[in-house]
Amino acid sequence: MATRWGICSAGKISHDFLVALKTLPATEHQAVAIAARDLARAQDYAQKHGIPRAYGSYEELAQDPDVDVVYVGVIHPEHLPVGQLFLGAGKPVLLEKPLGMNAAEVRELVQLARSREVFLMEAYWTRFFPASERLHSLLSQGALGELNVVRAEFGAPLSGCPRIMQKELGGGALLDIGCYCVQFATMVFGERPESILASGFLQPTGVDETLSVILNYRGKRQAVITCSVLTRLPNQAAISGTKGIIQLPSEMWSPTELVVNGQHEEFSLPPPSQPLNFPKSTGLRYEAQHVRQCLLKGLKESPMVSLAHSELVASILDEVRRQVGVTYSQDRA
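Bear in mind the structure is a predicted one, so any value in this text is a computation, not a measurement. (Residues numbered from 1 in each chain as written. Predicted model: local features only at pLDDT ≥ 70, side-chain atom pairs only at ≥ 80, totals over all residues. Heavy atoms only, no water.)

1. Topic: the UniProt feature "domain: GFO/IDH/MocA-like oxidoreductase" (unreviewed entry) in the protein
Per the UniProt record, "domain: GFO/IDH/MocA-like oxidoreductase" (unreviewed entry) is annotated on residues 134–246. Helix makes up 25% of residues 134–246 and strand makes up 38%, while its end C-alpha atoms are separated by 11 Å. (UniProt positions renumbered as here; feature names shortened; annotations may be inferred. Helix = DSSP H or I, 4+ residues; strand = E, 2+ residues; numbered from the N terminus.)

2. Focus on the UniProt feature "domain: Gfo/Idh/MocA-like oxidoreductase N-terminal" (unreviewed entry) in the protein
Look at the UniProt record and you will see "domain: Gfo/Idh/MocA-like oxidoreductase N-terminal" (unreviewed entry) annotated at residues 4–123. End-to-end, the C-alpha atoms of residues 4–123 are 17 Å apart, and along that stretch the chain is 42% helix and 22% strand.

3. A word on the state of the cysteines
Applying the stated criterion across every chain yields a total of zero disulfides. Not engaged in a disulfide, the cysteine Cys227 finds its nearest cysteine sulfur in Cys181; these two sulfurs lie 6.3 Å apart. (Disulfide = S-S within 2.5 Å.)

4. A closer look at the side chain of His79
Topologically, His79 is positioned in helix α4 (residues 79–88). At 3.3 Å, the side chain of His79 forms a polar contact with the backbone oxygen of Glu96. Other than its neighbours up to four places away in sequence, His79 contacts Val74, Leu95, Glu96, Lys97, Pro98, Leu99 and Leu109. (Polar contact = N/O pair within 3.5 Å; in protein donor to acceptor, adjacent residues only side chain to side chain. Contact = heavy atoms within 4.5 Å.)

5. Quick look at the packing of aromatic side chains
By the definition in use, this model includes eight aromatic pairs. Seen from their ring centres, Tyr124 and Tyr180 are 5.9 Å apart, and the 75 degrees between their planes marks the pair as edge-to-face. Taken together, the positions of Tyr124 in the loop between β6 (120–123) and α6 (130–140) and Tyr180 in helix α8 (residues 173–189) put the pair 56 residues apart, joining distant regions of the chain. Each member of the pair, Tyr124 as well as Tyr180, is classed as buried. An aromatic cluster of at least three residues, connected via ring pairs, comprises Tyr124, Phe154, Tyr180 and Trp253. (Phe/Tyr/Trp six-rings, centres within 6.5 Å; stacked < 30°, edge-to-face > 60°. Buried < 20%, exposed > 50% of the residue type's maximum accessible area, 1.4 Å probe, protein only.)

6. So, the sheet that holds strand β1 (residues 3–8)
The strand order across the open sheet formed by six strands is β3-β2-β1-β4-β5-β6, and the pairing between neighbours is parallel. At either end of the open sheet lies a strand with only one pairing partner, and these are β3 (53–55) and β6. Put simply, the sheet's adjacent strands are angled 25 degrees from each other on average, direction ignored. As paired strands, strand β2 (residues 29–35) and β3 are joined by three bridges and run parallel to one another. Note that in β3 the partner of Ala33 across the bridge is Arg53. (Pairing = 2+ DSSP bridges. Axes fitted to C-alpha atoms, helices over the stretch in contact; angles between N-to-C directions.)

7. A word on the packing of α4 against helix α5 (residues 103–116)
The geometry of a pair of packed helices is captured by two quantities: the angle between their axes and the separation between those axes. It is at 10 Å that the axes of α4 and α5 come closest, and there the two elements cross at 0 degrees. Between α4 and α5, the angle falls in the class roughly parallel. Counted together, His79, Leu80, Gly83, Gln84, Leu87 and Gly88 of α4 and Glu105, Glu108, Leu109, Leu112, Ala113 and Arg116 of α5 form the full contact between these two elements. In terms of residue class, the contact of α4 with α5 is built from five nonpolar, four polar and three charged. (Parallel < 35°, antiparallel > 145°, perpendicular 65-115°, else oblique. Nonpolar A, V, L, I, M, F, W, Y, C, P; charged D, E, K, R; others polar.)

8. Side note on the pairing of strand β13 (residues 257–260)
The sheet contact formed by strand β12 (residues 244–248) and β13 spans two bridges and is antiparallel. Each bridged residue has a counterpart across the sheet, and for Gln247 the counterpart in β13 is Val259. Here β13 folds back onto strand β14 (residues 263–266) in antiparallel fashion, the turn holding two residues, of which Asn261 has a positive phi close to 50 degrees.

9. With respect to the packing of α5 against helix α10 (residues 307–324)
Where α5 meets α10, the axes come as close as 8 Å, and the angle between the chain directions of the two elements is 165 degrees. Regarding the angle of α5 to α10, the classification is roughly antiparallel. The two elements α5 and α10 meet at a crossing, and its hand is left-handed. In contact with Ala103, Val106, Arg107, Val110 and Arg114 of α5, α10 contributes Leu307, Ala308, Ser310, Glu311, Ala314, Ser315 and Asp318. Tallied by class, the residues present in the contact of α5 with α10 amount to six nonpolar, two polar and four charged. (Left-handed = near helix turned anticlockwise from the far one by under 90°.)

10. As for the environment of Arg151
Take Arg151: it is sitting in strand β7 (residues 147–155). Discounting chain neighbours no more than four positions away, the residues touching Arg151 are Val224, Gln236, Ala237 and Ala238.

11. Details of the pattern of salt bridges
Taken as a whole, this structure holds 15 salt bridges when the rule is applied. Linking Arg218 and Glu191 is a salt bridge whose minimum nitrogen-to-oxygen distance equals 3.0 Å. Taken as a pair, Arg218 in the loop between β9 (208–217) and β10 (221–228) and Glu191 in the loop between α8 and β8 (195–202) lie far apart in primary sequence, 27 residues in all. Its relative accessible area of 17% is what places Glu191 among the buried residues. (Salt bridge = Lys/Arg side-chain N within 4 Å of Asp/Glu carboxyl O.)

Set out below in structure tokens:
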């Protein structure tokens, strides 16, 4: 039986997710319904992607008995209420990052998913790329010995995008792109840092535009992170240990190559059947495959991006924002 996907929102990332699904066997993945608050937009997406049903409300999608799991690609401030809607209806949810605007919202979603015994996963697609799988395997085998230092950066000129610059839309470098770097460091070290040092600059709108973070872990281990929505950075990541170094030489959030102690390894992605909004988006297929496997096994959360992992990342993001002075209306709730 194919996993039947419902798609919540007809935005850019939902388009790319649908294109990625088409790189997988139709016997395993099918998009059966899409919802947007604008019915015409949902209908346009349905026609473009061959989806049988289009809805003009998220509530209708939540009540569709033929939907096995919902991919949620709404803007950040909508993650909590929309996530609650689908979890409350008993629908498994793959929810885009960040899971919530702050750690309190993440806890609410986690508690609801656990109380309803419904699958929930934060859509950190990076974690499921073949290159990431290889990286995790190498770390598990102790290929680098004792891990000492992690570096990660994500910078892109996004100041022309209103969603990035406006606080009421959940804007800012950290929540939109810096979270990938924090998630990467958390994946490597697997624990809460002992101290967090953050410094950055804000837009007049009050969102962060550029910031750097040092995460210090027990045993004198450190992660150094930089993110910016003003300029392009090298966008690399590296993990250094007593036995060597592994580098992700470009676009660390969607890696297709590793350099392991100087040796290059490449991992190709399938080509898209339609133009994409974001580079390498056919790589979204891997998180979809993972969700299907979790559901087939009856799991309520991912063993690779666990709910505890999402809570830890959110708590780090909260402290970084506190130090650089970024607050959202959701922080006062």
